[in-house]
Amino acid sequence: MGPVALHGGGEFLPGDEWFLDELLSVAARPTGDRLKDGRVRVVIVPTAAARGRPDLAAANGVAAFRRRGAVTGRSVDVQVARIVDASSAADASCAALVAAADLVYLPGGDPDLIPALFRGSAAGTALAAAADRGAVIAGASAGAMGLAEWSWTPNGGVEGLGLVERIAIVPHYDDIRRLAWQASLDQVAPDGLGYLGLDERTGVISDDGTWLVAGEGAAYWFARGSPSPVIARHGERIE
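Just so it is clear, the model here is predicted, and its values are computed rather than measured. (Residues numbered from 1 in each chain as written. Predicted model: local features only at pLDDT ≥ 70, side-chain atom pairs only at ≥ 80, totals over all residues. Heavy atoms only, no water.)

**Some details on the sheet that holds strand 12 (residues 218-222)**
Then step 1. Strands sit in the order 8-9-12-13 across an open sheet of four strands; the sheet is mixed. Lying at the two open borders of the sheet, with one neighbouring strand each, are strand 8 (167-170) and strand 13 (230-233). Put simply, the sheet's adjacent strands are angled 20 degrees from each other on average, direction ignored.
Then step 2. Judged from the four bridges that link them, strand 12 and strand 13 form a sheet pairing that is antiparallel. Its bridge partner being in strand 13, tyrosine 220 is matched across the sheet by isoleucine 231. (Pairing = 2+ DSSP bridges. Helix = DSSP H or I, 4+ residues; strand = E, 2+ residues; numbered from the N terminus. Axes fitted to C-alpha atoms, helices over the stretch in contact; angles between N-to-C directions.)

Here it is as structure tokens:
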């Protein structure tokens, strides 16, 4: 499976350049049949924003990746797979875009939507195919939560897509780290989960068995039941 990237939110805003550049750098590594022509094919999937403004989320992503491609000198082709309901999750053209991508990016929104729409659908099959080809699968905020083994929503916990096992994501961590979130989650989360807290405009990318941190904030790894985290910042790694 290809790399997985998890982001704390505030995606595509000023200050997110470090993460976007590192993401493109990882996606630009030739793997299997990818990148035969040197172009990074990015697909923005605004599923989590379906109840809000998915087209705005997608447009922000398109603009950000085109801008960083121009700045870094990378050849970047950015498209949108508008998967926002059951019908579009079953759409063959949307699935084909996802399956052929070098980098799939799922922006934030509502954490229940990605597991609900991707599981058992053509979109979910396409996402798995892209990952198996070595594509980078990235999610921000609710997008990251949906990629993990387990997520929580205003209506309770839900099973995520499981691209990252034994982890639940705590996005926007810089806003909530003073709250007693871990004690409350431990009461409802499955046994064996650790928690990865991510500041906004900061993320981690799986690489050679570790998580590479990229962004202006920090990543906080809580092993199951640990009262204190391992903290890492831009350029550092978490085992």
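From this point, things continue past the structure.
**Looking at the packing of helix 1 (residues 17-27) against helix 2 (residues 54-72)**
Then step 1. The N-to-C vectors of helix 1 and helix 2 enclose an angle of 75 degrees; their axes lie 10 Å apart at closest approach. By the angle between their directions, the pair helix 1 and helix 2 is classed as roughly perpendicular. Along its contact with helix 1, which presents Glu17, Leu20, Asp21, Leu23 and Leu24, the element helix 2 presents Ala64, Phe65, Arg68, Gly69 and Thr72. (Parallel < 35°, antiparallel > 145°, perpendicular 65-115°, else oblique. Contact = heavy atoms within 4.5 Å.)

**Focus: unusual backbone geometry**
Then step 1. Positive phi values are uncommon outside glycine, yet phenylalanine 12 reaches one of about 75 degrees.
Then step 2. The buried category is assigned to phenylalanine 12, whose relative accessible area is 8%.
Then step 3. One non-glycine residue, histidine 172, lies in positive phi territory at about 50 degrees.
Then step 4. Examined against the element boundaries, histidine 172 turns out to sit in the loop between strand 8 and helix 8 (173-176). (Buried < 20%, exposed > 50% of the residue type's maximum accessible area, 1.4 Å probe, protein only.)

**Quick word on the environment of alanine 57**
Then step 1. One can find alanine 57 in helix 2.
Then step 2. The spacing of alanine 57 and glycine 109 is 52 residues in sequence and 9.1 Å in space, taken between C-alpha atoms.
Then step 3. Sequence-distant contacts of alanine 57, that is, excluding residues within four places in its chain, are made with Phe12, Pro46, Ala49 and Pro107.

**Let's talk about the packing of helix 4 (residues 92-99) against helix 6 (residues 122-132)**
Then step 1. In the contact formed by helix 4 and helix 6, the axes pass within 8 Å of each other and the chain directions differ by 15 degrees. Between helix 4 and helix 6, the angle is such that the two are roughly parallel. The crossing of helix 4 and helix 6 is right-handed. Of helix 6, the residues touching helix 4 (which contributes Ala95, Val98 and Ala99) are Ala122, Ala126, Leu127 and Ala130.
Then step 2. Residues of the contact of helix 4 with helix 6, tallied by class, amount to seven nonpolar, no polar and no charged. (Left-handed = near helix turned anticlockwise from the far one by under 90°. Nonpolar A, V, L, I, M, F, W, Y, C, P; charged D, E, K, R; others polar.)

**Considerations on the pattern of salt bridges**
A side chain with one charge can pair with a side chain of the opposite charge if their charged atoms come near.
Then step 1. Under the counting rule described, the total for this entry stands at ten salt bridges.
Then step 2. Between arginine 82 and aspartate 55 there is a salt bridge, and its shortest N-O distance comes to 2.7 Å. A residue pair is termed long-range when its members are at least 10 positions apart, and arginine 82 in the loop between strand 3 (76-80) and helix 3 (86-89) and aspartate 55 in helix 2 qualify at 27 residues.
Then step 3. With a relative accessible area of 39%, arginine 82 lands in the partly exposed category.
Then step 4. Exposure remark for aspartate 55: the relative accessible area of 46% places this residue in the partly exposed category.
Then step 5. Put simply, glutamate 216 and arginine 201 hold a salt bridge, and the shortest N to O gap is 2.6 Å. Taken together, the residues span a long stretch of sequence, with glutamate 216 in the loop between strand 11 (210-215) and strand 12 and arginine 201 in the loop between strand 9 (194-198) and strand 10 (202-207) at a distance of 15 residues.
Then step 6. Take glutamate 216: its relative accessible area is 43%, and that puts it in the partly exposed class. (Salt bridge = Lys/Arg side-chain N within 4 Å of Asp/Glu carboxyl O.)

**Regarding the sheet that holds strand 11**
Then step 1. Overall, mixed pairing links the eight strands, which are arranged 3-2-4-5-1-10-11-14 in an open sheet. Where the open sheet ends on each side, the last strands, each with one partner, are strand 3 and strand 14 (237-238).
Then step 2. As paired elements, strand 1 (residues 4-7) and strand 10 share three bridges and run antiparallel to each other. Directly across from alanine 5, in strand 10, lies its bridge partner isoleucine 205.

**A closer look at the packing of aromatic side chains**
Then step 1. Summed over the entire model, instances satisfying the criterion amount to six aromatic pairs.
Then step 2. Where tyrosine 173 meets tyrosine 220, the ring centres are 4.4 Å apart and the plane angle is 40 degrees; that geometry is what we call tilted. Of this pair, tyrosine 173 sits in helix 8 while tyrosine 220 sits in strand 12; the two residues are 47 residues apart in sequence, bridging distant segments of the chain.
Then step 3. For tyrosine 173, a relative accessible area of 4% gives the class buried.
Then step 4. Among the aromatic residues, those joined into a ring-pair cluster are Phe12, Phe65 and Tyr105. (Phe/Tyr/Trp six-rings, centres within 6.5 Å; stacked < 30°, edge-to-face > 60°.)

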